[in-house]
Amino acid sequence: MTNTWGDIKNANLVVIMGGNAAEAHPCGFKWVTEAKAHNKAKLIVVDPRFTRSAAVSDLYVPIRAGTDIAWLGGLINYLLTNDKIQHQYVKAFTNASFLVKPGFGFSDGLFTGYNEQKREYDRSSWAYQSDDDGYAKVDETLQDPRCVFQLMKAHYSRYTIEMVERICGSPKDKLLQAWQWMAETAAPDRAMTSMYALGWTQHSKASQNIRTMAIVQLLLGNIGVAGGGMNALRGHSNIQGLTDLGLMSNLIPGYMTLPSEEEPTKAAYLKPRGFKPLRPGQLSYWQNYPKFFVSFLKAMYGKEATAENDFCFDWLPKLDVVYDVLRTFELKHEGKIHGYFCQGFNPVMAFPHKKKIINALSKLKFLVVMDPLATETASFWENHGQYNDVDPAKIQTEVFRLPTTCFAEEDGSLTNSGRWLQWHWKGADGPGESRSDILIMSDLFLRLRDMYRKEGGAFPDPILGLHWPYKLTDAPSPEEIAREINGYVVEDITDPKDASVLQLQAGQQLDGFAQLRDDGKTACGCWIYSGCFTEKGNQMARRDNSDPYDSGLAPNWAWAWPVNRRILYNRASCDIEGKPWNPRRKVIEWNGKSWVGPDVPDFPPAMKPAAGMNPFIMNSEGVARLFTLGLMKDGPFPEHYEPFEAPVANALHPKVNANPAARVFKGDLEVFGSADDFPHVATTYRLTELFHFWAKHCHINATLQPQQFVEIGEALAKEKGINNGDTIKVRSNRGHIFAVAVVTKRIRPLNIDGKVVHTVGIPIHWGFTGQTKKGFSANILTPYVGDANVETPEYKAFLVDIEPAAPSV
Amino acid sequence: MSTLQSLDITRRSATTSPSPSVRETEEVAKLIDISKCIGCKACQAACYEWNDLRDEIGINIGSYQNPHDLTENTWTLMRFSEVELEDDKLEWLIRKDGCMHCADPGCLKACPSPGAIVQYSNGIVDFISENCIGCGYCVKGCPFNIPRISKKDQKAYKCTLCSDRVSVGLEPACAKACPTQAISFGTKTDMIELAQTRVTDLNERGYDKAGLYDPPGVGGTHVMYVLQHADRPDLYSGLPKDPKISALVEVWKGAAKPIALIGLGLTALFGFFHYVTAGPNEVDEADEEQAKKTIDQPDEKRDGG
């Protein structure tokens, strides 16, 4: 989230699109209820289904799954055409005025630079024009036809309300009502918050879905202000922590990236990561990258990492390609990966195209499952009749199960959607032989290190040289690890002007990332977390919920990254003179000498507004990007592409239907279904009562949603002769499932360009383990293709057919 | 069963001896604001957990409503109904069903077992299970169809409004668990005031007929609803519009009782007087026979010669 949970109560308008906040975040949803009850806020829900969020909304707008960019593109067109934007904000705080190179263009569904063979773009034309000083050229009048503002206007002029109605199926009157309410938040004293989740992220153009709303929010001046923001609602209670600590295959902690094989030295690696300011006087805070990076290497390799050996840069793996989960399962499927540590993950249930996953696991030599539950993945080799039709005799994989403890059985931190790191304490011992993940991983590491010491190996150095400073060698404590993540001083640091003055003493915890250095004198496991465990103690353990400004920020409860800042980009909550756009909802303000307020300023505290430094300090331009240069693989402006399995052709450009830059493996391209064979749009989703594939192991949860069902509209049910409660068969080109039909008014047929399109809703939770009635993984049906930028699979929009079935379940 | 004291009991089933009344307690109420409810079932889960009850894991018969009905183990249940009052304006009305804790409880009135059902001075209606004989009259007596008889121990069970928690100053488990504060708990006066602010908010959002459900036919209830459509409680999965204790129970436990007693008394009195007055004048068969024999005998014999 750019903002924070409690801040949602400050919103005047809450838009739930690309997610179902009441369903998946019932506790966080209380802030929406607060906004409605105490701030007279309105709630708009845009969703293919009338969900539990829609049940408490003021306006519900139906939409075809997978057409969010068209819907939001229409909104952008509406705002620009009707001039309903926050003018001062757009001019000063976005790259609307920046001039784009003449070589950049878009026509017939493709941006310039497309290579059809490789399915990728050469993005060099997607760039700013620069002046002799290397700065980007701008036109403050926003009239130059090559300025971002004008290019954006032209790009979205195709997204008329008629076009949106054709593509999305949303009725015109509802579109206008929603867009009018959203346009009202362009006023400086009104704010709209966007709450989204997997309804946007689980598509082949996911990143662009989110980008489109970000553009809307920037045009309305809703970023950095109270009650505004782009608020991603994360799933698992610590999934934010997972991405923050760099557990994606191409990341290192703090959203830094692993070097590629084309960056064999530290210098080569840092060269494209210079982040020099693209406009005069901008902070471009990523310029400090070398400090974060070197401090990370010091944390990893301790005394082994010195200036002479480039801080053990050579010990980091270098990527040839990105090893995302789709690719790694493809490699397992091809027999190229032999062993798999599956930790806290259940790919048999969670991953698309179950048949492929089972095949992949069956080809492994060994599989190690580290999980508190006996998951379907841990039992992938067991035959469960129609629910898991495998022949154990043919599966040679050796499966090890290492039971782990659960969050309540260990100390540690969880990082929530609002970037809060909340420390929790052990409440009970884990059952049986379960051990914490830390202890299991330490044990494995120490044994491996021992074996490498005795037997040598291909390249033991990074393993032998790993910094392992824990009091009890075989039992690192969560606090010790938290202290490493925060960062500490490695060598005394003296005043640069007077070497006799000691500023920071070796061994002490750092206060924040501003103290990080690139000379090896500081170590820090994760720069964005620096400040969470200082000399003052464990900041994550604070439990003071006082809210002196009634802001919803709770600044003394736990600790938020970065540096306990609760609303990101909050300098943008003030005009260019430092006066809040909305004085009744101050976040920070310039008091003549410094920036003060309820939140930690996202800005150098003493930087005068007149100096012209802009709020988006992490960007080299200092401003937010409406046009994203070459940073996104599939385009600098979001464009509507159909899902890979779609009921109609792309109305904007039928020759380029789906995302042209999304990666598709050969075998998977062949199993996409066609609209002729599979006429209905399917979408998978979650229910409040069951969390993914865990909660079904709890008796009470199982009682509340005991059996697999699929939701279909009354019209489709009538057409197929299906009554409420009947068993039906749902088929995609990859397999079929059986489920109970819940016939509902909440899913309506949509008119898509004159064609009636039905939606089939498929909740994901039931499998062949747990206390619920056995079910079929919804992912038997889903397609094996992911987002062009981050490879999140397209679970949310694909094609199926349905028919009544004999009750066999 | 709760930790409330016996002097808190203002009414006991099937008991005519007068109830204690020294203590003055404020009446409590649980307010369920359906316009804030997201149907998450945290309340269902909390109820099971607090009361250490578990129900069967059933099947899905075509609904989000699980289990399908209240049972001896499921004391509260989210009921889902989809309504379309206006064109193109769908509403998904999700109501938390459970005991309404009536001021004039039909279950208590119908119950023939002394002290199996009690009403406390704070308004809570509780089942004292050790006195329950499992006759099922409470089910018939309840205008809302709430109590359920257990197949395991043949006793009736229902929501206790967490009388045990309330007696030590805590709110009911469901209210504590509700993430959106759709469930509020406090004095009845406060809850009515809160309901008013909610109704005003709903009016501003276009729900002209929003209102508080506190049915007078049962003397008002200690579980109340804020309804978006207070004129149509039937839209909310069969919430009765004007619930009253059924006439049969009213009469059977009401007028029928004294009438029956009087009848019994009069019959006894009549019988006595009849016996005293007419009894001795009645001749029984044996005497009749003997008399006949004596009359029919010849004169010589009668003289006794």
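In this text the structure is predicted, and so the values were computed from the model without any measurement.

Student: Explain the overall build of chain B here, please?
Tutor: When its secondary structure is counted, chain B shows 10 helices and 11 strands. The C-alpha atoms of chain B give 29 Å as radius of gyration, which overshoots the globular expectation for 305 residues (19 Å, by more than 25%). In chain B, which comprises 305 residues, the share counted as buried stands at 48%. In chain B, 61% of the contacts between residues at least 6 apart in sequence involve partners at least 24 apart. Counting 33 positive and 44 negative side-chain charges, chain B places the averaged centre of each group 4 Å from the other.

Student: What exactly am I supposed to notice about the interface of chain A and chain B here?
Tutor: Interface extent is often summarised as the accessible area lost during association of the parts. Taken residue by residue, the interface counts 45 residues in chain A and 38 residues in chain B. Interface area for chain A against chain B, summed over the two sides, is near 3600 Å², with a carbon-plus-sulfur share of 57%. For the chain A face of the interface with chain B, the top three residues by lost area are A:Arg52, A:Ile700 and A:Leu704, together amounting to 17%. At the boundary of chain A with chain B, the tally comes to five salt bridges.

Student: What am I meant to see in the side chain of A:Ser777 here?
Tutor: Residues and elements named next belong to chain A. Mapped onto the secondary structure, Ser777 falls in the loop between strand S32 (759–763) and strand S33 (798–804). Residue Ser777 is classed as buried on the basis of its relative accessible area of 2%. Dropping the residues within four chain positions of it, Ser777 is found in contact with Val348, Met349, Lys354, Ile737 and Trp766.

Student: Would you explain helix H2 (residues 30–39) of chain A in this entry?
Tutor: Each α-helix winds once per 3.6 residues, and so residues spaced three or four apart point in a common direction. When we look at burial in H2(A), the residues that qualify are A:Val32, A:Thr33, A:Ala35 and A:Lys36. For H2(A), the arc enclosing every buried residue in end-on projection is 155°, short of the 170-degree limit, so these residues lie on one face. Next to the buried residues of H2(A) lie strand S1 (13–17), strand S2 (42–47) and strand S8 (192–196) of chain A together with helix H6 (188–204) of chain B. A:Lys40 lies just past H2(A) and shows a positive phi near 50°.

Student: Even after reading the chapter, I still don't get the confidence of the model for chain B, so can you show me in this structure?
Tutor: Close reading of the predicted structure is inappropriate where its pLDDT is low. The pLDDT averaged across chain B works out to 92; a share of 96% of its residues lies at or above 70. Two numbers describe this predicted complex: its pTM, 0.94, and its ipTM, 0.93.

Student: When you look at the nonpolar core in this model, what are you seeing that I'm missing?
Tutor: Residues and elements named next belong to chain A. Counting 88 residues, the largest nonpolar core has Trp71, Trp179 and Met182 as the members making the most contacts within it. Setting aside its immediate chain neighbours within four residues, Trp71 contacts Met17, Val46, Val61, Ile63, Val164, Cys168, Ser170, Leu175, Ala178, Trp179 and Met182. Judged by nonpolar contacts, the second largest core, of 42 residues, contains Ala11, Ala22, Ala54 and Met195.

Student: Looking at this structure, how should I read the sheet that holds strand S3 (residues 59–62) of chain A?
Tutor: Strands in a sheet are paired, the pairing made by backbone hydrogen bonds, and the direction either parallel or antiparallel. Residue and element names in this part refer to chain A. Taking strand neighbours across the sheet as the criterion, the five strands line up as S3-S2-S1-S8-S9 in an open arrangement whose pairing is parallel. Because the sheet does not close on itself, it has two edges, and the strands there are S3 and strand S9 (230–232). Each adjacent strand pair in this sheet contributes to an overall mean axis angle of 20°, direction not counted. Bridge analysis of S8 against S9 gives three bridges, and the strand direction is parallel. Of the residues in S9, the one forming a bridge with Ser194 is Met230. Packed onto the sheet, helix H10 (residues 206–219) meets S1, S8 and S9 and runs at close to 175° relative to S8.

Student: I would appreciate a short explanation of the pattern of salt bridges in the present structure.
Tutor: Oppositely charged side chains are able to pair whenever their charged atoms sit close together. Summed over the entire model, instances satisfying the criterion amount to 54 salt bridges over all chains. We note a salt bridge from A:Arg663 to A:Glu791, for which the minimum N-O separation is 3.4 Å. Residue A:Arg663 is found in the loop between strand S25 (595–596) and helix H20 (666–669), and its partner A:Glu791 is found in the loop between S32 and S33; the two are separated by 128 residues along the sequence. Across this residue pair, the class does not change: A:Arg663 and A:Glu791 are buried. One network of salt bridges, with partners in common, ties together A:Lys36, A:Asp58, B:Asp33, B:Arg198, B:Asp201 and B:Arg205.

Student: Explanation requested: the packing of helix H4 (residues 68–81) of chain A against helix H7 (residues 161–168) of chain A in the structure shown.
Tutor: If you want to describe how two helices pack, look at the angle between their axes and the distance between the axes. Residues and elements named next belong to chain A. It is the contact of H4 with H7, at a shortest axis distance of 9 Å, that shows an interaxial angle of 165°. Accordingly, the angle class assigned to the pair H4 and H7 is roughly antiparallel. Read as a crossing pair, H4 and H7 show a hand that is left-handed. Packed against H4, whose contacting residues are Ala70, Trp71 and Gly74, the element H7 presents Val164, Ile167 and Cys168 at the interface. Considered class by class, the residues forming the contact of H4 with H7 number five nonpolar, one polar and no charged.

Student: Looking at this structure, I do not really get the packing of aromatic side chains. What am I missing?
Tutor: For any pair of aromatic rings, the description consists of the separation of the ring centres together with the inter-plane angle of the planes. For the structure on display, the rule yields 57 aromatic pairs over all chains. Seen in terms of ring centroids, A:Phe50 and A:Tyr60 are 5.1 Å apart; in terms of plane orientation they differ by 70°. Their pairing is edge-to-face. Remark: A:Tyr60 occurs in strand S3 and A:Phe50 occurs in the loop between S2 and helix H3 (52–55); sequence separation between them is 10 residues. Residue classification places A:Phe50 among the buried positions, given a relative accessible area of 3%. A:Tyr60 sits in the buried class, given a relative accessible area of 15%. The residue whose ring lies beneath A:Arg49 is A:Tyr685, and the NZ or CZ to ring-centre distance is 3.4 Å. Positioned above the aromatic ring of B:Trp92 is the side chain of A:Arg746, whose terminal nitrogen or guanidinium carbon lies 3.8 Å from the ring centre.

Student: Sorry if this is basic, but what is going on with a nonpolar patch on the surface here?
Tutor: Judged by side-chain polarity, B:Leu269, B:Phe272, B:Phe273, B:Tyr275 and B:Val276 come together as a nonpolar surface patch covering roughly 560 Å² of accessible area. Within the secondary structure, B:Phe272 sits in helix H8 (residues 256–277).

Student: How do you make sense of the pairing of S2(A) when you look at a structure like this?
Tutor: Working note: regular strand, side chains alternate between the two faces of the sheet. Residues and elements named next belong to chain A. With five of six residues buried, S2 lies mostly within the body of the structure. Where S1 meets S2, five bridges bridge the pair, whose relative direction is parallel. Residue pairing for S2: Val15 is matched across the bridge by Ile44. In this structure, S2 lies alongside S3, joined through four bridges in parallel fashion. From the neighbouring strand, Val45 faces S3, where its bridge partner is Tyr60.

How each quantity is defined
- Position numbers for residues start from 1 in each chain and track the written sequence from start to end.
- Think of it this way: whatever chain is written first is A, whatever ligand is written first is 1, and the rest follow in order.
- Only residues with pLDDT of at least 70 get local features here, since the model is predicted, and only at 80 or more are side-chain atom pairs given and counted; chain-wide, interface and lining totals rely on the full set of residues.
- In computing side-chain properties, one takes all heavy atoms of the structure into account and sets aside hydrogens as well as water.
- Numbered from the N terminus, helices here are DSSP runs of H or I no shorter than four residues, and strands are runs of E no shorter than two.
- Two things to know: the radius of gyration comes from C-alpha atoms, and the globule rule equals 2.2 Å times the number of residues to the power 0.38.
- For the exposure calls, accessible area comes from a 1.4 Å probe over protein chains only, and a residue counts as buried if that area is under 20% of its type's maximum, exposed if over 50%, partly exposed in between.
- Two residues form a contact once any of their heavy atoms are found within 4.5 Å.
- In this tally Asp and Glu are treated as negative and Lys and Arg as positive; neither His nor the chain ends contributes.
- Think of each charge as sitting on NZ of Lys, CZ of Arg, CG of Asp or CD of Glu.
- Two parts placed together each lose some accessible area under a 1.4 Å probe, and the buried area is that loss summed for both.
- We define a salt bridge as a side-chain nitrogen of Lys or Arg found within 4 Å of a carboxyl oxygen belonging to Asp or Glu.
- This arc is taken over the directions from the axis of the helix to the C-beta atoms.
- On a scale of 0 to 100, pLDDT captures the predictor's confidence in every residue.
- To qualify as a nonpolar core, a set must consist of buried Ala, Val, Leu, Ile, Met, Phe, Trp, Tyr and Cys residues joined through side-chain atoms within 4.5 Å.
- Here a strand pair is declared whenever DSSP counts at least two bridges between the two strands.
- Axes here mean lines fitted to C-alpha atoms, for a helix over just the part in contact, with angles spanning 0 to 180 degrees between N-to-C directions.
- Here the word oblique covers every angle except those under 35 degrees (roughly parallel), over 145 (roughly antiparallel) and from 65 to 115 (roughly perpendicular).
- What makes a crossing left-handed is the near helix being turned counterclockwise from the far one by less than a right angle; a clockwise turn instead makes it right-handed.
- Three classes are used: nonpolar for Ala, Val, Leu, Ile, Met, Phe, Trp, Tyr, Cys and Pro, charged for Asp, Glu, Lys and Arg, and polar for all others, with Gly counted as polar.
- Two aromatic rings from Phe, Tyr or Trp, using only the six-membered ring of Trp, form a pair when their centres are within 6.5 Å; if the ring planes differ by under 30 degrees the pair is stacked, by over 60 it is edge-to-face, and anything between is tilted.
- As a reminder, the over-ring test applies to NZ of lysine and CZ of arginine, requiring each to be within 6 Å of the ring centre and within 35 degrees of the ring normal.
- Nonpolar side chains (Val, Leu, Ile, Met, Phe, Trp, Tyr) are joined into patches within 5 Å and like charges within 9 Å, using only residues with over 30% relative accessible area and no salt bridge.
- Surface accessibility follows the Shrake-Rupley procedure with a 1.4 Å probe radius. Residue values consider only the protein chains on display as shielding.

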